[in-house]
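# Structure assessment
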There are 2 protein chains.
Amino acid sequence: MVLNLLSPKFILFFVLLPAVFAGGVKAQDVFQPYRQDWLKKAEDNKPKLTETEKHPLNIVKLEQDAAAFQGWKAVNTDSVGKLYNNSFKTQSGVVVDFGEHLTGYFTFNIKSLKGTPDAPVRLKFTFGEVPSELSVPFDPYKGTISRAWLQDETVTVTEMPATITIPRRLAFRYVKVELLGASPYFDFHITDMQLKATTAVTFKPPLLAPTTSPLIADIDRVGLNTLKECMQTVYEDGPKRDRRLWIGDLYLESLANQYSYQKNDLTKRCFYLLAGLSGDDGILISNVFETPEPHAQVGNRLLDYCFLFNVALKEYVAATDDKQTGIDLWPVAKKQLDIARKYAGKDGMMDYIKAGKEWWVFFDWKDDLDKQACLQGLTIYTLNQTYALAKILGKEDEVADIPALARKLKNAAYKNLYNPKSGLFVSGINKQVSYGAQAWMVLSGVVSKTEGQAALKALVSTKDAVRPGAPYMFHYYVAALIESGLKAEAKEAVETYWGGMIKKGADTFWEVYDPKDELKSPYNFYPVNSYCHAWSCTPVYFIRKYPEIFQR
Amino acid sequence: MVLNLLSPKFILFFVLLPAVFAGGVKAQDVFQPYRQDWLKKAEDNKPKLTETEKHPLNIVKLEQDAAAFQGWKAVNTDSVGKLYNNSFKTQSGVVVDFGEHLTGYFTFNIKSLKGTPDAPVRLKFTFGEVPSELSVPFDPYKGTISRAWLQDETVTVTEMPATITIPRRLAFRYVKVELLGASPYFDFHITDMQLKATTAVTFKPPLLAPTTSPLIADIDRVGLNTLKECMQTVYEDGPKRDRRLWIGDLYLESLANQYSYQKNDLTKRCFYLLAGLSGDDGILISNVFETPEPHAQVGNRLLDYCFLFNVALKEYVAATDDKQTGIDLWPVAKKQLDIARKYAGKDGMMDYIKAGKEWWVFFDWKDDLDKQACLQGLTIYTLNQTYALAKILGKEDEVADIPALARKLKNAAYKNLYNPKSGLFVSGINKQVSYGAQAWMVLSGVVSKTEGQAALKALVSTKDAVRPGAPYMFHYYVAALIESGLKAEAKEAVETYWGGMIKKGADTFWEVYDPKDELKSPYNFYPVNSYCHAWSCTPVYFIRKYPEIFQR
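Residues numbered from 1 in each chain as written. Chains lettered and ligands numbered in written order. Predicted model: local features only at pLDDT ≥ 70, side-chain atom pairs only at ≥ 80, totals over all residues. Heavy atoms only, no water.

If you look chain A up in an unreviewed UniProt entry, it shows as Alpha-L-rhamnosidase from Mucilaginibacter pocheonensis.

In C-alpha cells form, the structure reads like this:
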C-alpha cells in the first residue's frame, strides 16, 4: 500500500506526532537499550532466499478483448525457439510469457547472426504482471506515484556475444522486448532468456482435502503463489510495488504463512525489524526498508497498524510457542497500548475525530469510510489480544488495567453504535453502515454470535452499505463471517470475491479489486497497481485453518 | 570511420574478395604458423591505462547562437555546488561541463534530502562532446548508423544513498541529467559526479619553442588532446565512435605519437593485432575489435589501408630501430604487395576500375573523388616504402622485383596523368583535378619538387578542384605541401583548416569538418559524428616534426 494523498493531514503526521507522544520534543529513546539486539535478531533471522532458474514458455500476442480482464489478453502464438533462432531485427515488440508470476533477476544472451558487430545495440525490456501493463502506453505519465515503478528498462549492448543481467529486481509474467537502435551492418539474435526467481519459501504445503471444490483449490493455489512471491527477505506488500514491509501486510501474511509455508524465521525477522526501527517514543512506524541499511519511513504513523503489531505478535507466539520472541518484544506491544489509553474517552468511546487528525487511520482504501466503529472494534480487539499475549508470557501484572478498559470500550460500543432495530452497527455522526464497521464489531466480540450473524446478514440487504475498497478489508469481513458462525456465507464470500479474480485469469491476487471497475487505481494509472499483493492472499489462511468450511 | 553505404559493391566485398585472393575457396591459412605468436605479442604489448578522476567544473546553459559552432553554445551559469546542494526535482535538464573532452567511466552519487526514499527514481543522462549533441532531439532518429551510438543512458535508482557507475564507457565534455520519474513523498539530490578518465598516455611531450604562434600552440594542444583521448588499448578512431582500430587511423596516430607521446608498445600492439587477425589469404582486414576476444570485421577489405600498414610499419621501424617487430611482421607487409602486382597493368597503370569493383577503395569521405591518381600514387609510395623497410631488415632479395615495378608505375603515372600545360595531375576518364590526386602524386615522388610545387599551387586557382572531404585527406595534402617544399603554404593550410576548428571552439579535432557546412554528416545526423577523431590529430606530427616550419 502507499499513502497516495499529499493531504495536510499527512504533512501533520511528519511534524506533530513525535511531539504528541513524546510530550514535547524530548531527545529520549525509550527502547534504546534494546534496539541493537532487536536489529541483530532481525538480521540473524533473515532467510536465505531460494533461487530457481525459470525460462519463458511461449511467445504470445497481446490482443484486445472486451471480455478479458482490463480488455487485454495474451494468446500463445509460437514457441520461444522462434525468438531465439531468428534475427531480432524482425521481431522487435515480441512478448514472451514465463507462464507464471515470478520475482527475481532477469538475464538474456545476445549473439551475432551475420556479420561482425560494429556498433552498440539498444534494447528496451518491459516487464508486466498482467497483459495490460505491456499494452497501455506509459507516457505521458499520469500516475500519482513514481513513474520509475513501471518496469521498463533500457539496455545498451556494447559487445557480443554477451550475457547481460538487468540489475533491478523484477516482478512479472510477461516480457516485451523492443529494438531501439542497431547497426545496419550486422544481424543478431536474442537467445536464452532466464529469470533467477527468488523467494524465502522452502516448504511445500500439504495438498487440500480431495473433497475441495476446484474453485477453492484454484483460490488456494493462487493465494499460495501470491504469498510465495511476497515472501522475500521480509514480508513484502508486493514484489513489483512497494517491495517493503508494512505492519498490516505482515499481519495477514503471517496468518497465511502459519497455515502454509511455516517460515517462522521470516515472521520473527519482521517483528524485530519493526521493533528495532520504531520511533524514539516507542511507537511503531508503519513500514520499513531494508536497504541500504534497515530504516523506517520516518513519520509514517498509521494507527491501526500499531495495534495490529500486537495482534500479529500474539498470533505468532500462540501458534509457535516461541515465548522468547514474545518476551523480547513485549515492551513494544505494551507501549502501543498507550495509544488506546490516550484516545479512550471517559465514556469509553475512542476519540476517533482527534485520532483522525493526529494519525493516519487507514482500515481500507475507501475515502468515504467512517472509521469510528472500525477504530472502536480494533481497539477492543487489540486490548484483548495483548492481554492474552501477556498471559502467555506471564506479564499480566504489567497490563492489569487492560481488561477493564476493554470491557468499558466494549460496553460503550454496544451502547453507542449498535442499532437494535436494524441489528446493524453504525459509525460516526451520520450513522454510516459499512462492512468494516460490522466486521470489527463482530471480531471484537462486542455482540453475541447471534447478534453478529444478524448484523452481517443485514448488510447484504442494506442498500447504501459501504463495501470494502480493497481485498485487505475483505479479509476482515470474511474473518467476521467465520467468527460469527456464518460458515456458508464465508465460503460464498471467498468464492465470489477471490473467485472473481480467478475467473478473470489472475495468476496472483491483486492489490486492488473492484468487480465492477477493472481499471480502478488509487494511483490514477492502473498499470502501476500491484497485481501480486500480499494482503490479498488470506484465503490460504481461511481455507487451511477452516477445512470444515472450505474443503468440503 | 564507418562504411556508410549499403551498396552492392560493399556486399561484393564480403563474398568475392576472399575467393579472389585465395584463387578459389581454399581452406588454407597462409599465416597460420605465426598468428598465435602475433596475437600473444599484441596482448603482451597492451598498455595499462592510466586513470584520472575528473569532476565537473560548472553548470552551463545551452543557448542558441547563430555565430556558434552548429548554432549552440554553452554558457557558464553556476558552480556545480548548486546542483549538489539542492533538490534535483527542481533541476531536471541541468547540464554540467567537465571543461575538457574526456573518455572513461561516469559515476554519480544520489542521496535523500527530505523524507524517506519510498520508490525508485529514474534518471536519464545524456553525454555530449559538443553542445549540439545535448540540444538536438535524437528521436525520431534519422541517422544511418546505430541509434545506440548516441550516449543517452537511463538509470533506475532503487535505493539511496547510492553510488552508481554507468557501465558503458563514455566520451564527452558535457552531461545533461533529466528526471524521468520520482515519488512525490521524498526529495533527493545528486552529489559528487565524477569521471574515471582513461588513456594509454603516460608521457608529457615537451613544450613547443617559445617562438611558436598562439594559434599553432592551440592547434598542437587540441591535437595532443585528441590523440590522448584516442589512445586507449588500441589506437581508436574515435572514443565515442567507432572505438576501434582501423589501419588508416593507426598510420596517422602512430606518426603523431612518434613525435609526442612515444607510446611504442601501443603501436606494436596494433601492428600485431592487425597481423594476427588478417584474412586467411594473408591480406589485411581494415579494422579489428578487441572484445569480447580480438576479432576482425571479417570481409571489410579496404585497399588503401592494406598499403598503409606497410607504410606505417616502415615509419615505426625506422623511427624506433625496433627491427625485431619489423622482422616478425615482414611476411605481412610482403604479402600486401601482391595487391599491387595484381592490379598493375602491363602499361604500368593500376587497374583502378577493377580494383574499385573488388575492393573498398577509400582515400577520403568524398563520393565524387576519382581514385585513379590516388591509387597510383599510394601504390608507388607503398612499393618504395616497403622496399626501404626491406633494406632496413635485410630482406631486399625477397622483394627484388619491387624497385622496377615502382619505377614502371611512376613513369606511367607521369606519362598518363600529368598535364604539363596545367601543371596538374588528372584522374580518371573525366580527367578530374583533385587535392587528393596532387597530394599522392607529390608524395610518391612522381614529379620533381618544382613540378610538385607548381601542381599544388595551381590547385588553389583551379575552380572545380575536388577538395578534401575529411581531415584525413587533408593530412596528405599538408604532407605533400611539405614534401614539395611549400613550407609557408603548409603552415597556412594547417592554420586555416585546423585553425578553423579551433576558432569554432573545438576541444578536440572532429571526424568531419567542412568550413562551409557545420552540419555536414556522412550519417545524416550530425550529433552522431565523432567530435574527437584520431585521423584529425596530425598537426601534432607536422608541428613537432617540422619545427622550423611551424614553431617560428
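Next, the rest of the story.
## Regarding the interface of chain B and chain A
Every contact between the two is made by 42 residues of chain B and, on the other side, 42 residues of chain A. With both chains or domains summed, chain B and chain A bury close to 3200 Å², and 56% of this area falls on carbon and sulfur atoms. Looking only at chain B, the three residues that lose the most surface to chain A are Thr116, Arg122 and Tyr185 of chain B, adding up to 21% of its buried area. Taken together, the connections running from chain B to chain A amount to six salt bridges. Along the contact surface separating chain B from chain A lie 18 residue pairs in polar contact (both at pLDDT 80 or more). (Contact = heavy atoms within 4.5 Å. Buried area = accessible area lost by both parts, 1.4 Å probe. Salt bridge = Lys/Arg side-chain N within 4 Å of Asp/Glu carboxyl O. Polar contact = N/O pair within 3.5 Å; in protein donor to acceptor, adjacent residues only side chain to side chain.)

## Some words on the sheet that holds strand β11 (residues 287–289) of chain B
Residue and element names in this part refer to chain B. Across the sheet, which stays open at both edges, the three strands sit in the order β10-β11-β12 with antiparallel pairing between neighbours. Of all the strands in the sheet, the pair left with one neighbour each is β10 (245–246) and β12 (295–296). Where β11 and β12 come together, two bridges link them in antiparallel fashion. Paired with Val288 across the strands is Ala296, a residue of β12. (Pairing = 2+ DSSP bridges. Helix = DSSP H or I, 4+ residues; strand = E, 2+ residues; numbered from the N terminus.)

## A short note on the sheet that holds strand β10 (residues 245–246) of chain A
Overall, antiparallel pairing links the three strands, which are arranged β10-β11-β12 (chain A) in an open sheet. At either end of the open sheet lies a strand with only one pairing partner, and these are β10 and β12 (295–296) of chain A.

## Examining the pattern of salt bridges
Considering all chains together, one arrives at 76 salt bridges over all chains under this definition. Ionic pairing is found between Lys61 of chain B and Glu63 of chain B, a salt bridge with its closest N-O pair at 3.4 Å. The class for Glu63 of chain B is partly exposed, based on a relative accessible area of 25%. Glu398 of chain B is the partner of Lys395 of chain B in a salt bridge, and the nearest nitrogen-oxygen pair spans 3.8 Å. One connected set of salt bridges, linked through shared partners, spans Arg122 of chain A together with Asp139, Arg147, Asp152, Glu153 and Arg168 of chain B. (Buried < 20%, exposed > 50% of the residue type's maximum accessible area, 1.4 Å probe, protein only.)

## Details of the state of the cysteines
Under the definition given, this model contains zero disulfides over all chains. Left without a disulfide partner, Cys230 of chain B is nearest to the cysteine sulfur of Cys532 of chain B, which lies 4.2 Å away. (Disulfide = S-S within 2.5 Å.)

## Here's the deal with the packing of helix α14 (residues 471–483) of chain A against helix α15 (residues 487–503) of chain A
Residue and element names in this part refer to chain A. Axis separation between α14 and α15 bottoms out at 8 Å; the angle between their running directions is 160°. Comparing their axes, α15 and α14 come out roughly antiparallel. As for the relative orientation of α14 and α15, their crossing is left-handed in sense. Contact with α14, carried on its side by Pro471, Phe474, His475, Tyr477, Val478, Leu481 and Ile482, involves Glu489, Ala490, Ala493, Val494, Tyr497, Trp498 and Met501 of α15 and no other residues of that element. A breakdown of the residues in the contact of α14 with α15 according to their chemical character gives 12 nonpolar, one polar and one charged. (Axes fitted to C-alpha atoms, helices over the stretch in contact; angles between N-to-C directions. Parallel < 35°, antiparallel > 145°, perpendicular 65-115°, else oblique. Left-handed = near helix turned anticlockwise from the far one by under 90°. Nonpolar A, V, L, I, M, F, W, Y, C, P; charged D, E, K, R; others polar.)

## So, the packing of aromatic side chains
Going through the model one piece at a time under the given rule, you end up with 96 aromatic pairs over all chains. A ring pair is formed by Phe106 of chain A and Phe172 of chain A, whose centres lie 6.4 Å apart and whose planes are at 80°; its orientation type is edge-to-face. Taken together, the residues Phe106 of chain A in strand β4 (residues 94–114) and Phe172 of chain A in strand β8 (residues 170–181) connect sequence positions 66 residues apart. This pair shows no difference in class: Phe106 of chain A is buried, exactly as Phe172 of chain A is. With centroids separated by 5.5 Å and ring planes inclined at 80°, the aromatic side chains of Phe474 of chain B and Tyr477 of chain B adopt a geometry described as edge-to-face. Of this pair, Phe474 of chain B and Tyr477 of chain B are both found in helix α14 (residues 471–483), three residues apart, which corresponds to roughly one turn of the helix. The pair Phe474 of chain B / Tyr477 of chain B is uniform in exposure class, with both members buried. The ring centre of Tyr343 of chain A lies 5.3 Å from the NZ or CZ of Lys342 of chain A, which sits over that ring. (Phe/Tyr/Trp six-rings, centres within 6.5 Å; stacked < 30°, edge-to-face > 60°. Lys NZ or Arg CZ within 6 Å of the ring centre and 35° of its normal.)

## Regarding the UniProt feature "domain: Alpha-L-rhamnosidase six-hairpin glycosidase" (unreviewed entry) in chain A
The positions that UniProt labels "domain: Alpha-L-rhamnosidase six-hairpin glycosidase" (unreviewed entry) are, in the present scheme, residues 212–544 of chain A. For residues 212–544 of chain A, helix accounts for 55% and strand for 3%, while the C-alpha atoms at its two ends are 11 Å apart. (UniProt positions renumbered as here; feature names shortened; annotations may be inferred.)

## Describing the packing of helix α12 (residues 435–443) of chain B against α14 of chain B
All names here are of chain B. Interaxial distance between α12 and α14 falls to 8 Å at its minimum, and their mutual angle equals 45°. Between α12 and α14, the interaxial angle falls into the category oblique. You can see that α12 and α14 cross each other, and the crossing is left-handed. From α12, Tyr435, Gly436, Ala439, Trp440, Val442 and Leu443 reach across to α14, where they touch Met473, Tyr476, Tyr477, Ala479, Ala480 and Glu483. Here the residues of the contact of α12 with α14 sort into 10 nonpolar, one polar and one charged.

## Observations concerning helix α2 (residues 32–44) of chain A
The α-helix winds at 3.6 residues per turn, so residues separated by three or four positions along the chain end up facing the same way. Taking 1.5 Å per residue as the helical rise, α2 of chain A with its 13 residues ought to reach 18 Å, and the 19 Å between its terminal C-alpha atoms agrees with that figure. Elements in contact with the buried residues of α2 of chain A: α6 (264–276) and α8 (323–343) of chain A. (Expected span 1.5 Å × (residues − 1).)

## Looking at the side chain of Arg244 of chain A
Along the chain, the position of Arg244 of chain A falls in the loop between α4 (214–230) and β10. A polar contact is formed between the side chain of Arg244 of chain A and the backbone oxygen of Asp118 of chain B, at a distance of 3.1 Å. The residues contacting Arg244 of chain A, other than those within four sequence positions of it, are Tyr235, Glu236, Asp237, Asn287, Val288, Phe289 and Gln297 of chain A together with Asp118 of chain B.

## Overview of the environment of Gly99 of chain A
Positionally, Gly99 of chain A belongs in strand β4. The residues touching Gly99 of chain A, leaving out its near neighbours within four places in the chain, are Leu57 and Arg173 of chain A.

## A word on the environment of Lys491 of chain A
Residues and elements named next belong to chain A. With respect to the secondary-structure elements, Lys491 resides in helix α15. Distance in space between the C-alpha atoms of Lys491 and Met160 is 56 Å, their sequence separation being 331 residues. Residues contacting Lys491, with those up to four places away along its chain left out, are Ile216, Ile549, Phe550 and Arg552.

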